[in-house]
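# Inside the fold
Below, each chain spelled out in residue letters.
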Amino acid sequence: MEPLVTIEHEGDVALIGLNRPSKRNAISDALLAELEQRVAEAQGRARAMVVFGHGPCFSAGLDLAEHKARTAEEVFWHSRGWHRVFRGIREGRVPAIAAIHGACVGGGLELAAACHIRVADPTAFFALPEGTRGIFVGGGASVHVARLLGAARMTDMMLTGRALDATAAERAGLVTYVEPDAQAKARELAAKVAQAAPLTVLGVLQALPRIQDMAEGDGLFVESLVAALAQTGPEAQARLAAFLEKRAPKAGG
Ligand code: 1HE
């Protein structure tokens, strides 16, 4: 049987593909379980990962055919399961880059929001149809999409069904690249990200999001601790020496 989530390894980069194109990569329980396994595999072996959708779009979100059969208690635990799987990406060891084309809606947008960098192509569009379907977000959007877009834009999308195209999403800060070929760009970025020093990655993935939740003084204190950790390691010494000896590229190069 075809896997619901594919994985390929390209050097240090894992390519993770949602593979249910006939249902627009709608996230069923089985797909979510495979995603969790593939992500765990990538965490153990890669230094960056690209998450993309096979077929016409990134993801149509929650599998609505499965959803209609759940009790309130089941929906609660189902939502907690999504949080766990997406936390595995967001708080994992390996930076994740979402390559987005076509629909990226509902739970698909929540998956993209769990990644650390988002690249869209011009066909991409973003929506939270939960509002119009009479349900609510459950895969982390009220925290993480609201943080990316601002609660005001998320409120608008939820209440009116408004979709953002790639340009609007970039303007709103939801994606940071719009490129003709999102997957090619995401792979190029992943190859760069895979070269980042491990302690820098640790600081960006583990400390930065937590610092956003802290009071100013606590955040600055943790920043100093992470700086002390990163700047005293052998990797930093080697990279700083390379710059001073003119062996490293200049900033922005
Ligand atoms: C699906 C799903 C789905 C498509 N669950 N089966 N998400 C939504 O409300 C989005 C619902 N989907 C759509 O609005 C559209 O399908 C798309 C804009 C994403 C794509 O349109 P299109 O014209 O390319 O495809 P289609 O013809 O609408 O769908 C193709 C097939 O995929 C069709 O099945 P078929 O057997 O009739 O061929 C659709 O039924 C099926 N399909 N989307 C199940 N979502 C943790 S809480 C998260 C809460 C949410 O994510 S709510 C948002 C749910």
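In this section: the site of the ligand. Surveying the vicinity of the ligand reveals 21 residues, the closest of which are Lys23, Arg24, Ala60, Gly107 and Arg133. Take Gly107: an N or O atom from its main chain is 2.7 Å from an oxygen atom of the ligand. In the complex, 64% of the free accessible area of the ligand, which totals 1,000 Å², lies under the protein chains. Within the residue set of the shell around the ligand, elements represented by two or more residues are strand 5 (103-105), helix 4 (107-114) and helix 5 (130-133). Classifying every residue of the shell around the ligand gives 9 nonpolar, 6 polar and 6 charged.

Before going further, it helps to examine the packing of helix 6 (residues 141-149) against helix 7 (residues 151-160). Where helix 6 contacts helix 7, the two axes come as close as 7 Å, and the packing angle between them is 115°. Across the interface between the two elements, Ala141, Ser142, Val145, Ala146 and Leu149 from helix 6 touch Ala151, Arg153, Met154 and Met157 from helix 7. For the contact of helix 6 with helix 7, a count of residues per class yields 7 nonpolar, 1 polar and 1 charged.

The subject of this paragraph is the packing of helix 10 (residues 198-212) against helix 11 (residues 216-231). Remark: helix 10 packs on helix 11, axes separated minimally by 10 Å, with the N-to-C direction vectors making an angle of 170°. Taken together, the axes of helix 10 and helix 11 lie roughly antiparallel to each other. Taken together, the residues of helix 11 that come into contact with helix 10 (itself represented by Leu199, Gly203, Ala207 and Ile211) are Gly219, Val222, Glu223, Val226, Leu229 and Ala230. Along the lines of polarity and charge, the residues of the contact of helix 10 with helix 11 split into 7 nonpolar, 2 polar and 1 charged.

Turning our eyes to something else, we now look at the nonpolar core. Counting 50 residues, the largest nonpolar core has Leu35 and Phe126 as its most contacted members. Of all hydrophobic cores here, the second largest spans 14 residues; its members include Val50, Val119, Leu189 and Val193.

Here is what the cut-offs are and how they apply
- Residues numbered from 1 in each chain as written.
- Predicted model: local features only at pLDDT ≥ 70, side-chain atom pairs only at ≥ 80, totals over all residues.
- Heavy atoms only, no water.
- Near = heavy atom within 4 Å.
- Polar contact = N/O pair within 3.5 Å; in protein donor to acceptor, adjacent residues only side chain to side chain.
- Areas by Shrake-Rupley, 256 points an atom, 1.4 Å probe, with all protein chains shown as cover.
- Helix = DSSP H or I, 4+ residues; strand = E, 2+ residues; numbered from the N terminus.
- Nonpolar A, V, L, I, M, F, W, Y, C, P; charged D, E, K, R; others polar.
- Axes fitted to C-alpha atoms, helices over the stretch in contact; angles between N-to-C directions.
- Contact = heavy atoms within 4.5 Å.
- Parallel < 35°, antiparallel > 145°, perpendicular 65-115°, else oblique.
- Core = buried A, V, L, I, M, F, W, Y, C linked by side-chain atoms within 4.5 Å.
- Buried < 20%, exposed > 50% of the residue type's maximum accessible area, 1.4 Å probe, protein only.

Remember that the coordinates give geometry; whether it matters functionally is a separate question.
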